[in-house]
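# A structural walkthrough
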Amino acid sequence: MPTAEQLRMLVSNVVEPFTERPLGDLNMIRDTFVNGTDARVRIELPTPAYPDSKKLEALIRQRIQFAAPELQPRIEIQSTVRGKDTGGRIGLNIHNVIAVGSGKGGVGKSTVAAALACGLHSFGCRVGLMDADVYGPSIPHMMNADGRPGAQEVTDDQGNKMMRMEPIDANGVKLMSMGFFIEQGQSVVWRGPMLHKALTQFLKDTQWGELDYLIIDLPPGTGDVSLTLAQQVGLAGAVVVCTPQQVALLDAIKAVDMYQKVNVPILGFVENMTGEIFGRGGVQKVAQELKIPFLGEIPLNACIREYGDRGQMMQMLLEENPAREDLRRVCQNVAMQVFRELVKSPTGPVLEIL
Ligand SMILES: Nc1ncnc2c1ncn2[C@@H]1O[C@H](COP(=O)(O)OP(=O)(O)O)[C@@H](O)[C@H]1O
Ligand SMILES: [Mg+2]
């Protein structure tokens, strides 16, 4: 009969199917236990949005069955989101900050950002959503959130008192938007430097609490905002949203170039509005050429616009509809890509302040 340590060795060689690395290397074995033929393996998934835990469980079972057929293993699966925790630099307790960007407006960036936040929440992750698109904040409407965030006095580790803004709760997602501070019908004109300062300040001054993922909906085409975030907060990576049209693709390629220049890992491309009108597959092809992960396609479907218009993004991820499975898959792919980046370089990119 193998010992618990031998069982651990056995399981640590099982190859995790989505990163193609051994479980031992990925630090995914919490503990093992053997008592007679009774055995237990506890596995810790890197995210509740893990794509297929049944498949992983079957691989572990096979391995044990093959090497120690006398064992009756129980396989327990739990999950904990890990991250580079770079937000700690400005006092945030957020494991992964994910920027959603694009080269161009109108490609569905806010829709994807909100769907990511709602989808990851629906898998059981702790999620925040920050609307940084000060030119056209649309997240509050899509998430059916309004009102003005309250203020709360908090005390930091050194005993300093400070005021923090309370994010608005939207179906369990913590939401913050500059839109909450703008009167109806008013438009804002922010100059670059103001925008940088405001964004970091906004992030810092919000009482996010502990989050697994914070999704940031970036304003279109602004490289300097990404740079500021990368320097001051640290990003787990950026998701680039693109439609299959040629012009949108060219803009997306520019966005990729910009992220690479500022050392932000590109989590991948999402093809939005796939279908008869704009075409299909163009984004995946470009992703392959640029050696960038492809995170999935989202069909052009009126139901997506309708859920957004009604402020029901969370319902879109929960109810049966033609877009739900594609949206959930994008969420899973993003979460796994964040994990792959973490495995590749466990600490945040160090950027010199320019
Ligand atoms: N896949 C899709 N199918 C149908 N409508 C979509 C889709 N993605 C986005 N839309 C709609 O397109 C419009 C622009 O989307 P939005 O997310 O606001 O774009 P952006 O933030 O890039 O400007 C919205 O009305 C939205 O509901
Ligand atoms: Mg938008």
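For clarity, every value in this text was computed on a predicted model and none was experimentally measured.

In the vicinity of ligand 1 there are 16 residues, among which Gly106, Lys109, Ser110, Thr111 and Pro299 approach most closely. Contact distances for ligand 1 include 2.8 Å between an oxygen atom and a backbone N or O atom of Gly106. Lys109 is positioned with one of its backbone polar atoms (N or O) 2.8 Å from an oxygen atom of ligand 1. In the complex, the protein chains occlude 80% of the 560 Å² of accessible area that ligand 1 would expose alone.

Read from one edge to the other, the open sheet built from eight strands follows the order β10-β11-β7-β12-β6-β13-β14-β15, with strand pairing classed as mixed. What marks the edges here is a single partner per strand, and that holds for β10 (168-170) and β15 (294-299). Mean inter-strand twist for the sheet, computed between neighbouring axes without regard to direction, equals 25°. The pairing of strand β14 (residues 266-274) with β15 spans five bridges and is classified as parallel. Looking at β15, one finds that Val270 is bridged to Gly296.

This part covers the nonpolar core. Grouped together as the largest cluster of nonpolar side chains are 92 residues, with contacts concentrated most on Leu129, Met143, Leu203 and Ile215. By residue number, the principal contributor to this core is helix α3 (residues 109-123), which donates nine residues. Counting residues in hydrophobic clusters, the runner-up holds 22 residues, among them Val11, Leu23, Met336 and Phe339.

So, on to the environment of Gly128. With respect to the helices and strands, Gly128 occurs in strand β7 (residues 127-131). When its relative accessible area of 0% is taken as the criterion, Gly128 is described as buried. Spatially, the C-alpha atom of Gly128 lies 32 Å from that of Val15, the residues being 113 residues apart in sequence.

Segmenting the protein chain into domains produces domain 1 (4-79) and domain 2 (86-344). For domain 1 and domain 2, the distance between their C-alpha centres works out to 34 Å. The partner domain 2 presents eleven residues to the twelve residues of domain 1 that form the contact. For the pair domain 1 and domain 2, the two sides together bury roughly 960 Å², of which 73% comes from carbon and sulfur. Linking domain 1 to domain 2 there are zero salt bridges. Here domain 1 is connected to domain 2 by two residue pairs in polar contact (both at pLDDT 80 or more). Residue composition of the side of domain 1 that touches domain 2, by class: eight nonpolar, two polar and two charged.

Using the criterion set out here, one finds 18 salt bridges in the structure. When the shortest N-O distance is used, the salt bridge between Glu325 and Arg328 registers 3.8 Å. Taken together, the residues Glu325 and Arg328, both in helix α11 (residues 324-344) and three residues apart, mark about one turn of the helix. The class of Arg328 is buried, set by a relative accessible area of 19%. A salt bridge links Asp326 to Arg329; its shortest N-O distance comes to 3.7 Å. Highlighted residues: Asp326 and Arg329, both in helix α11, separated by three residues, approximately one helical turn. Through salt bridges with shared partners, a single network forms among Asp31, Arg40 and Arg42.

In this section: unusual backbone geometry. Backbone geometry at Asn144 places phi at a positive 50°, although glycine is not the residue there. Considering the arrangement of structural elements, one finds Asn144 in the loop between α4 (139-142) and β8 (151-155). Here Asn144 falls in the exposed class, since its relative accessible area comes to 61%.

For the rest of this paragraph, the subject is the side chain of Ser110. With respect to the secondary-structure elements, Ser110 resides in helix α3. When near neighbours in sequence (up to four residues on either side) are disregarded, Ser110 contacts Ser138, Ile139, Met142 and Asp217.

The next point concerns the packing of aromatic side chains. Tallied over the entire structure, the rule returns one aromatic pair. Considering the side-chain rings of Phe18 and Tyr50, the 5.4 Å spacing of their centres and the 85° angle between planes classify their relative orientation as edge-to-face. Placement of Phe18 in the loop between β1 (15-16) and β2 (21-22) and of Tyr50 in the loop between β4 (38-45) and α2 (53-67) is noted, with a sequence separation of 32 residues between them. Since its relative accessible area comes to 5%, Tyr50 is described here as buried. One Lys or Arg, Arg40, reaches over the ring of Phe33 and ends 4.9 Å from the middle of that ring. Here the basic side chain of Arg310 rests over the ring of Tyr307, its NZ or CZ set 5.2 Å away from the ring centre.

What follows deals with the pairing of strand β11 (residues 173-177). Within β11, four of the five residues are buried, leaving the element largely enclosed by the surrounding structure. Relative to β11, β7 is paired through four bridges, and the arrangement is parallel. Its bridge partner lying in β11, Asp131 is registered against Ser177. Counting the residues in the hairpin turn of β10 and β11 gives two residues, including Asn171, whose phi is positive at 50°.

Reading guide: rules and limits
- Residues numbered from 1 in each chain as written.
- Chains lettered and ligands numbered in written order.
- Predicted model: local features only at pLDDT ≥ 70, side-chain atom pairs only at ≥ 80, totals over all residues.
- Heavy atoms only, no water.
- Near = heavy atom within 4 Å.
- Polar contact = N/O pair within 3.5 Å; in protein donor to acceptor, adjacent residues only side chain to side chain.
- Areas by Shrake-Rupley, 256 points an atom, 1.4 Å probe, with all protein chains shown as cover.
- Pairing = 2+ DSSP bridges.
- Helix = DSSP H or I, 4+ residues; strand = E, 2+ residues; numbered from the N terminus.
- Axes fitted to C-alpha atoms, helices over the stretch in contact; angles between N-to-C directions.
- Core = buried A, V, L, I, M, F, W, Y, C linked by side-chain atoms within 4.5 Å.
- Buried < 20%, exposed > 50% of the residue type's maximum accessible area, 1.4 Å probe, protein only.
- Domains from an automatic or database assignment.
- Contact = heavy atoms within 4.5 Å.
- Buried area = accessible area lost by both parts, 1.4 Å probe.
- Salt bridge = Lys/Arg side-chain N within 4 Å of Asp/Glu carboxyl O.
- Nonpolar A, V, L, I, M, F, W, Y, C, P; charged D, E, K, R; others polar.
- Phe/Tyr/Trp six-rings, centres within 6.5 Å; stacked < 30°, edge-to-face > 60°.
- Lys NZ or Arg CZ within 6 Å of the ring centre and 35° of its normal.

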